[in-house]
Amino acid sequence: KTVLCQPRNIAGLRNEIVGMRQKMHDGHPNPSQLFDIKHDRGGMVDIEFMVQFLVLAHAATHPELTANSGNLALLELSSRLGLIDSRLSREVQEIYRSLRRLQHKMRLNSSAPSRIAHGEINVAPVLELWETLFPA
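Analysis parameters
- Residues numbered from 1 in each chain as written.
- Predicted model: local features only at pLDDT ≥ 70, side-chain atom pairs only at ≥ 80, totals over all residues.
- Heavy atoms only, no water.
- Helix = DSSP H or I, 4+ residues; strand = E, 2+ residues; numbered from the N terminus.
- Contact = heavy atoms within 4.5 Å.
- Salt bridge = Lys/Arg side-chain N within 4 Å of Asp/Glu carboxyl O.
- Buried < 20%, exposed > 50% of the residue type's maximum accessible area, 1.4 Å probe, protein only.
- Axes fitted to C-alpha atoms, helices over the stretch in contact; angles between N-to-C directions.
- Parallel < 35°, antiparallel > 145°, perpendicular 65-115°, else oblique.
- Left-handed = near helix turned anticlockwise from the far one by under 90°.
- Nonpolar A, V, L, I, M, F, W, Y, C, P; charged D, E, K, R; others polar.

Peer 1: Mind laying out the environment of Q93, listing which residues take part and the relevant values?
Peer 2: Mapped onto the elements of the fold, Q93 is located in helix α4 (residues 86-108). As a C-alpha pair, Q93 and L75 span 18 residues in sequence and 7.0 Å in three-dimensional space. The contact partners of Q93, leaving out residues within four places of it in the chain, are L72, L75 and E76.

Structure, rendered in structure tokens:
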């Protein structure tokens, strides 16, 4: 097995990811009473940050994570590799699919920014996976 990169300092990487995510969150404030499917906590950006963390944190020991396979496939692979819980992986994949469908539908209808009522999609599994990967 060829190692494509050097092992990362996981604690340092966690801090970097959380800091970058906070900057993005601060840069996209949501003054509405609606849920921003891309930028609010539990939305698409959180999922994308978690996937990138999994790739960066574990690519040295699991080079198959570096394949350009997309967020859904990488969540599935992370589960198969035992990096994340399989239930959470499945639930977060389904939420990501739902959010992407909504985003595409809203873009087609020129609804920008993409916001829905809180609770329309249960993002609790996304928040649970976030807490698992980035404990406070």
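Peer 1: Let's hear about the pattern of salt bridges: which residues, and what values?
Peer 2: The tally for this structure, following the rule as stated, stands at eight salt bridges. Of the charged contacts in the structure, one is a salt bridge between E91 and R87, with a shortest N-O distance of 2.9 Å. Of this pair, E91 and R87 both sit in helix α4, four residues apart, which is roughly one turn of the helix. The class for E91 is partly exposed, based on a relative accessible area of 29%. Looking at R87, the relative accessible area reads 32%, which means it is partly exposed. In this structure, E94 and R97 form a salt bridge, with 3.5 Å as the shortest nitrogen-oxygen distance. Placement of both E94 and R97 in helix α4 is noted, with a separation of three residues, approximately one turn of the helix. Given the relative accessible area of 31%, R97 is considered partly exposed. Connected through shared salt-bridge partners, D85, R87, E91 and E128 make up one network.

Peer 1: Explain the packing of helix α1 (residues 10-27) against helix α2 (residues 44-58) residue by residue, including any values.
Peer 2: Close contact between α1 and α2 brings their axes to 11 Å; oriented N to C, the two are set at 160°. When the interaxial angle is binned, α1 and α2 end up roughly antiparallel. In the packing of α1 onto α2, the handedness of the crossing is right-handed. The segment α1 lies against α2, with I10, L13, R14, I17, M20, R21 and M24 engaging V45, D46, F49, F53, L56 and A57. Its residues assigned to classes, the contact of α1 with α2 shows 10 nonpolar, no polar and three charged.

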